[in-house]
Amino acid sequence: MASLPKYIVLWPIFLLSCLVITVYTSETQYITIGASLSSERMENEFRRAVANLNRHRHLHFNATTILMDSNPIRSALDICDKLLAQHVFTVVASHPNSTDHSPISVSYTCGFYNIPVVGISARDSAFSDMNVHKMFLRTVPPYSHQADVWVEIVSNLTWHKVIFLYSADEEGRAILSRFQTLAEKKNIRIEPSIKYAPGESSYRSVLEPILKCTSRVILFSASAEDAYVIYQDAERLGMTGEDWAWIVSEQAFEVEKIPVGFLGVHLVNGTNEVNHIRDAVEVIGHAFHHLMAAENISNPPTGCNETNSWESGNRVYDALKKTAMLGETGQVSFSEEGDRLNPMYEILNVNGNGMKMSVGLYGHKTEPSWGLRMKLYNLTWPGNTHVKPKGEKISRNLRIVTLKEKPFVEVLPLPKDGHCIPVKPAKHAFPCKNGTQDHCCMGYCMDMLAKISEKVHFNFTIHLSKDGLFGSFEKHNSSEKKYWNGMMGELMRQEADLIVAPLTINPERANDIDFTKPFKYQGLNILVRKTQKDSSLASFLQPFQDTLWILVGLSVHVVALVLYLLDRFSPFGRFKLAKSDDTEEDALNLSSAMWFSWGVLLNSGIGEGTPRSFSARVLGMVWAGFAMIIVASYTANLAAFLVLDRPEALISGIDDPRLRNPNEKFKYATVKGSAVEMYFKRQVELSTMYRNMEGQKKYLTAEAAIEDIRKGELQAFIWDSPRLEYEAASDCDLTTAGDLFGRSGLGIGLPKNSPWTHEVSMAVLDMHESGFMEDLDNRWILVDSKSSCPESNSAPATLGLTNMAGVFMMVAGGIVAGVLLIFIEIAYKRHRGLKEKELELARNAADRWRGNIEKRKKLRQTWQYLHALRDSQELAFKYEENILKRRTLRQTLQKQKEEQMRVNSVHKQPSAKQNPSQPANATSVKLNSNNTKPLVPPPYRRPSLLEATRESDCLPPPLPMDYRTPGYVPARSGRTVTWHNPSHNPSLSPDNLV
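**Q** Can you walk me through the nonpolar core in this structure?
**A** Across soluble globular proteins, nonpolar side chains have a tendency to be buried as a group. Counting residues in each nonpolar core, the largest one holds 52 residues, and the members touching the most others are F46 and F288. Of the residues forming this core, the biggest block, 10 residues, is contributed by helix α9 (residues 273-294). Ignoring sequence-local partners within four residues, the contact set of F288 consists of I31, L59, F61, F89, T90, I297 and V316. Counting residues in hydrophobic clusters, the runner-up holds 46 residues, among them L524, I651, Y668 and V671.

**Q** Explain the state of the cysteines to me, please; I cannot follow it from the model alone.
**A** Working definition: the covalent bond between the sulfur atoms of two cysteines is a disulfide. In total, this model carries three disulfides according to the counting rule given. In this model, C80 is linked to C304 through a disulfide, with the two sulfur atoms separated by 1.7 Å. Since a negative S-S torsion denotes a left-handed disulfide, the C80-C304 link at about -85° is left-handed. With C80 in helix α3 (residues 72-83) and C304 in the loop between α9 and α10 (313-322), this pair connects stretches of sequence that are 224 residues apart. The class for C80 is buried, based on a relative accessible area of 15%. What pairs with C420 in a disulfide is C440, and their sulfur atoms sit 2.0 Å apart. The disulfide joining C420 to C440 has a torsion of about -85° about its S-S bond and is therefore left-handed. One end of the pair, C420, is in the loop between β18 (410-413) and β19 (429-434); the other, C440, is in strand β20 (residues 437-442), with 20 residues separating them in the sequence. C110 takes part in no disulfide bond, and the closest cysteine sulfur to it belongs to C80, at a distance of 8.3 Å. Accessibility expressed as a relative area gives 0% for C110, which makes it buried.

**Q** Looking at this model, I keep getting lost on helix α11 (residues 444-456). Mind explaining?
**A** Every α-helix winds through 3.6 residues per turn, so residues three or four apart in the chain are directed the same way. For α11, spanning 13 residues, the distance from its first C-alpha to its last is 19 Å, which sits close to the expected 18 Å at 1.5 Å a residue. With 10 of 13 residues buried, α11 is to be regarded as a mostly interior element. For α11, every residue scored as buried is listed here: Y444, C445, M446, D447, M448, L449, A450, I452, S453 and V456. Positive backbone phi, approximately 70°, marks H457, located one or two places after α11.

**Q** When you look at the sheet that holds strand β1 (residues 29-37) in this model, what are you seeing that I'm missing?
**A** Sheet strands pair via backbone hydrogen bonds, and the direction of the pair is either parallel or antiparallel. Read from one edge to the other, the open sheet built from five strands follows the order β2-β1-β3-β4-β5, with strand pairing classed as parallel. A single partner strand is all that each edge strand has here, and the edge strands are β2 (59-67) and β5 (136-138). Looking at each pair of strands side by side, their axes are set apart by 25° on average, direction ignored. Note: β1 against strand β3 (residues 88-93), five bridges, orientation parallel. Directly across from S36, in β3, lies its bridge partner A93.

Conventions adopted
- Residues numbered from 1 in each chain as written.
- Predicted model: local features only at pLDDT ≥ 70, side-chain atom pairs only at ≥ 80, totals over all residues.
- Heavy atoms only, no water.
- Core = buried A, V, L, I, M, F, W, Y, C linked by side-chain atoms within 4.5 Å.
- Buried < 20%, exposed > 50% of the residue type's maximum accessible area, 1.4 Å probe, protein only.
- Helix = DSSP H or I, 4+ residues; strand = E, 2+ residues; numbered from the N terminus.
- Contact = heavy atoms within 4.5 Å.
- Disulfide = S-S within 2.5 Å.
- Expected span 1.5 Å × (residues − 1).
- Pairing = 2+ DSSP bridges.
- Axes fitted to C-alpha atoms, helices over the stretch in contact; angles between N-to-C directions.

In structure tokens:
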């Protein structure tokens with residue numbers, strides 16, 4: 001190979017080089033960029049910028065330029081003859097020299113052939129119309145984009161209401177439209193938008209209506225010529241002094257003599273044509289580089305004599321719009337309309353010397369996300385003041401709307417003297433109107449309002465809501481349109497300036513009005529009536545069910561019966577049969593067994609009557625164990641039922657099944673059209689409860705619902721927790737159930753973008769920090785510390801008479817039963833005593849008659865013996881009598897005389913008077929028929945046995961033939977019965993038998 005000729009070795013290298021050169025030459029594409037510029041200098045800058053693009057290997061850019069003619073027709077002809085003939089792929093357009101005419105002819109001509117045009121100075125809003133300028137894009141934003149900066153300035157200065165003053169041309173309409181779109185997102189409202197005709201010599205009639213508006217912030221869009229005239233007229237009307245604020249457009253800010261304090265914007269690098277040429281050429285280079293790398297494009301038209309548009313023109317235009325880069329003028333990117341995005345503006349302010357000073361920037365060269373940065377402390381405002389205007393014509397006489405809602409607002413009749421006097425715990429009371437009637441308003445909110453007015457420095461008048469509602473957004477009176485009613489409606493209709501009431505902050509209301517910082521955080525709760533357990537007379541029986549009580553009572557008697565039987569039949573028992581009346585049964589009888597059984601169960605002492613047999617004692621021990629368990633269980637359950645028995649809430653909370661699955665017997669509700677109803681309507685999981693409340697009775701006020709809770713017509717009322725806590729503390733029969741839910745806040749309502757919102761909010765925050773709001777809570781809401789209601793805790797409750805009334809009634813019943821039984825026992829004893837007495841009398845009578853019969857037999861025997869003895873002695877007596885008659889005659893007479901004297905002395909004594917009914921054997925003197933004294937037996941003679949024993953003392957006389965049954969009258973003396981026979985005949989006595 002070394003011997004080969006040299007040309008043979010170099011030949012492959014030569015062929016390879018030729019191939020590479022051929023390939024490179026064939027892949028290189030030429031792109032021609034045209035330009036219609038304002039001067040030759042700009043043409044040179046353009047050529048240098050295009051030459052810098054030729055660093056790309058596969059693309060080569062050529063430049064061709066013309067000077068833009070101020071005549072649109074000649075300018076269009078130049079485009080056709082000088083630019084399109086050079087096969088331009090895109091055109092960079094400026095403005096004519098020494099004029100501000102837009103390149104509209106360039107846009108029309110190139111747009112017809114789909115050749116993209118990149119404007120570098122045209123800011124007319126008309127070029128944003130894609131229907132007319134479909135192939136136009138620009139490196140400068142349109143004038144209408146100043147609205148972006150205006151919105152940020154107004155929002156940063158916390159103004160929410162503006163006056164928009166604009167010219168009746170395309171530019172004015174465009175900036176108004178863009179501002180309206182952006183302001184809606186920032187809650188900025190245009191009070192009036194005032195349009196004026198350009199080119200007038202005086203605009204006084206246009207400006208005068210502005211004086212009647214409440215807003216004092218004017219956004220002004222005008223040309224320099226019109227702005228000069230308007231400034232002069234506004235100054236004459238006093239609209240450039242204090243309390244006013246002007247933000248003007250770039251064109252209006254170019255006037256030499258601008259009033260002090262005006263704000264304006266200026267586009268950074270907006271007039272630097274060189275930088276915009278460089279950025280436009282760079283955008284074109286980036287677009288073609290990415291486009292040619294992905295696909296091939298066709299050649300553009302070569303003149304205006306062609307009727308077909310460029311097929312690849314739309315793809316080139318889309319590639320240009322998608323291009324984003326960091327250029328000389330900052331971040332360069334385009335919107336869908338081809339307008340420049342992310343521009344950087346300078347905020348200018350006219351100071352007291354009439355100098356335009358930079359006070360802020362909008363946007364950033366390298367950080368597109370940066371927004372507005374302003375030095376608010378360094379601003380000069382109209383009237384040469386440094387105090388920021390409030391933005392509205394402020395009246396310090398505010399109209400306050402409220403409604404009656406304890407304890408926040410209490411309404412009392414106005415005294416006759418017309419002066420409202422606060423009633424404790426209130427510290428302030430203000431007159432308030434309800435239609436034509438005058439009242440006095442006081443309460444939590446009134447004390448708070450007094451403090452706020454003192455801090456913010458305003459006067460106020462108070463009136464009550466016309467319909468007494470908080471406000472709901474719904475259809476009314478069959479209207480198809482929804483609107484606010486209640487206090488919300490009055491605020492929206494500008495019938496009030498503030499809502500000072502327990503108004504709940506919720507999303508629906510916050511969309512249409514402003515709220516201050518919450519003056520009280522709260523939630524929703526449920527008010528119910530306490531469930532008072534009936535303290536019936538049988539409360540002490542609650543620990544056991546009825547079945548258990550029956551079984552216990554039955555067990556007592558069964559055990560008593562078994563004990564009796566075991567002790568009776570056991571050989572070791574002490575059961576004895578009674579053998580005499582004096583012997584008692586010593587064994588366990590049935591009564592004693594019953595007493596033992598009850599005594600063991602009730603844990604009472606048992607002195608006697610206990611079982612004696614082993615079998616009965618075993619049963620007694622088992623029964624004692626049973627009694628111990630029963631008594632212990634009863635005691636524990638009695639403590640649970642009585643000692644810890646407290647009134648409880650009817651439901652457990654918002655998740656209670658009776659709320660989630662309602663029935664006809666359980667009714668609950670809230671106030672119609674309130675924030676609570678909105679809450680249930682908004683929450684999907686509570687939709688069932690909302691539908692149920694919709695079908696219930698409608699309550700327009702909380703007072704009506706709370707009254708129905710007290711009456712028992714409503715079982716649960718759902719409302720704000722502060723009000724329910726106040727009611728529960730004031731009424732011991734009411735209580736709240738469960739935990740708080742739906743937490744929110746109570747705030748003061750103001751119209752949207754009210755100038756008072758910030759100051760009132762700061763006053764509320766200051767009152768929170770100073771402890772004033774806590775003091776209001778303690779005085780108005782947390783009143784339960786002074787309430788007489790028992791505390792709701794888990795400590796044991798004190799039993800009362802209602803709990804133990806049944807026990808006392810049982811004792812009283814026992815006393816009554818005992819008294820009734822003692823009367824029954826007495827009556828029974830008397831009845832039984834009479835029976836026993838009759839039996840005893842009958843038994844004694846029988847014994848007496850039996851004894852008398854025996855005595856009569858003995859007496860008859862005695863009589864027979866005495867008759868026989870008397871007959872044998874009769875003669876001896878007669879003989880002795882005859883002997884003694886004479887001997888004793890003298891003595892007898894003497895004795896008779898002495899006896900007569902004694903008898904006479906006896907008759908003279910009253911106590912010695914003899915009862916005529918006295919028996920014959922009594923000491924007495926009997927007279928015979930001749931009134932002479934009968935013979936008296938001699939005193940020395942001892943009476944015989946027959947004489948000593950009188951038949952009348954023990955034995956009734958023989959019954960005569962005409963005898964009738966006598967009425968014997970027993971005289972009880974111990975166990976002896978004495979018989980007195982009225983029919984006794986003394987002639988039948990033994991004394992008369994001799």
